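# Remarks on the overall topology
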Amino acid sequence: MAVKAESKNVRISPRKVAAVAALVRGRTVADAIVILEHTPRRAALSVLKTIKSAQANAAHNHNYKADTLRITEITVNHGNRMKRYRPAAMGRALPYVKRSSHIRVLVDGEVRPAKKPTAEKPAAKKESK
């Protein structure tokens, strides 16, 4: 079962984020973190945070081994668009769009074996003096 992490409405164009996401698609989480830490693009930080979030979700919530995690899927979709206007000559207004992205990461790996519950020993009663 894959573990998911999402970052929504990241204020970077999806085209720019998708280029960074393509660098780490299909790699192990450890390799992806090293690659993204040395990638000189603004979108690398957002993708890195999402991958680390997926790693933490897998380790803490779903009992996966952190060193066996692999990125099975990473997708970048369009988020909300903010329509704005820029003043132009002769009193006109020219429209432009501020784009955002949704980043979705799925990781999968080896599950830790469940711990067996230990048999509880009866507590020793204290003697009163």
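Residues numbered from 1 in each chain as written. Predicted model: local features only at pLDDT ≥ 70, side-chain atom pairs only at ≥ 80, totals over all residues. Heavy atoms only, no water.

With 27 residues, the main nonpolar core has Val47, Ile51, Ile71 and Val107 as its most contacted residues. At the level of elements, strand S1 (3–10), helix H1 (14–24), helix H2 (29–37), helix H3 (43–61), strand S2 (70–87) and strand S3 (93–108) are the ones that each hand at least two residues to this core. With seven residues, the top contributor of residues to this core is H3. What valine 47 contacts, discounting residues up to four positions off in sequence, is Val17, Val20, Val24, Leu36, Ile74 and Ile103. (Core = buried A, V, L, I, M, F, W, Y, C linked by side-chain atoms within 4.5 Å. Buried < 20%, exposed > 50% of the residue type's maximum accessible area, 1.4 Å probe, protein only. Helix = DSSP H or I, 4+ residues; strand = E, 2+ residues; numbered from the N terminus. Contact = heavy atoms within 4.5 Å.)

At a minimum axis separation of 9 Å, H1 and H3 run at an interaxial angle of 55 degrees. Judged on the interaxial angle alone, H3 and H1 are oblique. Two packed elements cross with a definite hand, and for H1 against H3 that hand is right-handed. On H3, the residues touching Lys16, Val17, Val20 and Val24 of H1 are Ala43, Ala44, Val47 and Ile51. Partitioned by chemical class, the residues of the contact of H1 with H3 number seven nonpolar, no polar and one charged. (Axes fitted to C-alpha atoms, helices over the stretch in contact; angles between N-to-C directions. Parallel < 35°, antiparallel > 145°, perpendicular 65-115°, else oblique. Left-handed = near helix turned anticlockwise from the far one by under 90°. Nonpolar A, V, L, I, M, F, W, Y, C, P; charged D, E, K, R; others polar.)

How two helices sit against one another is set out by the angle between their axes and by the gap between those axes. Between H2 and H3, the shortest axis-to-axis distance is 9 Å and the interhelical angle comes to 160 degrees. The orientation of H2 relative to H3 falls into the category roughly antiparallel. Read as a crossing pair, H2 and H3 show a hand that is left-handed. For the pair formed by H2 and H3, the contact residues are Val29, Ala32, Ile33, Leu36 and Glu37 on the first element and Ala44, Val47, Leu48, Ile51, Lys52 and Gln55 on the second. Of the residues assigned to the contact of H2 with H3, the class counts are eight nonpolar, one polar and two charged.

Another point: a positive patch on the surface. A cluster of basic residues, Arg11, Lys16, Arg41, Arg42, Arg84 and Lys98, forms a positive patch at the surface. Locating arginine 11 in the fold gives a position in the loop between S1 and H1. Look at arginine 11 and you get partly exposed, because its relative accessible area is 38%. (Patch = residues over 30% accessible without salt bridge, like charges linked within 9 Å, V, L, I, M, F, W, Y side chains within 5 Å. Areas by Shrake-Rupley, 256 points an atom, 1.4 Å probe, with all protein chains shown as cover. Salt bridge = Lys/Arg side-chain N within 4 Å of Asp/Glu carboxyl O. Lys, Arg positive; Asp, Glu negative; His and termini not counted. Charge placed at Lys NZ, Arg CZ, Asp CG, Glu CD.)

Of all residues except glycine, most have a negative phi; of all peptide bonds, most are trans. For asparagine 9, which is not glycine, the phi torsion reads 55 degrees and is therefore positive. Relative to the assigned elements, asparagine 9 resides in strand S1. Positive phi outside glycine occurs at asparagine 63, with the angle close to 65 degrees. Mapped onto the elements of the fold, asparagine 63 is located in the loop between H3 and S2. Under the relative-accessibility criterion, asparagine 63 is labelled partly exposed at 31%.

Attention shifts here to the pattern of salt bridges. Using the criterion set out here, one finds three salt bridges in the structure. When the shortest N-O distance is used, the salt bridge between arginine 104 and glutamate 6 registers 4.0 Å. Here arginine 104 is found in strand S3, whereas its partner glutamate 6 is found in strand S1, with 98 residues between them in sequence. With a relative accessible area of 28%, arginine 104 lands in the partly exposed category. Judged by its relative accessible area of 41%, glutamate 6 is partly exposed.

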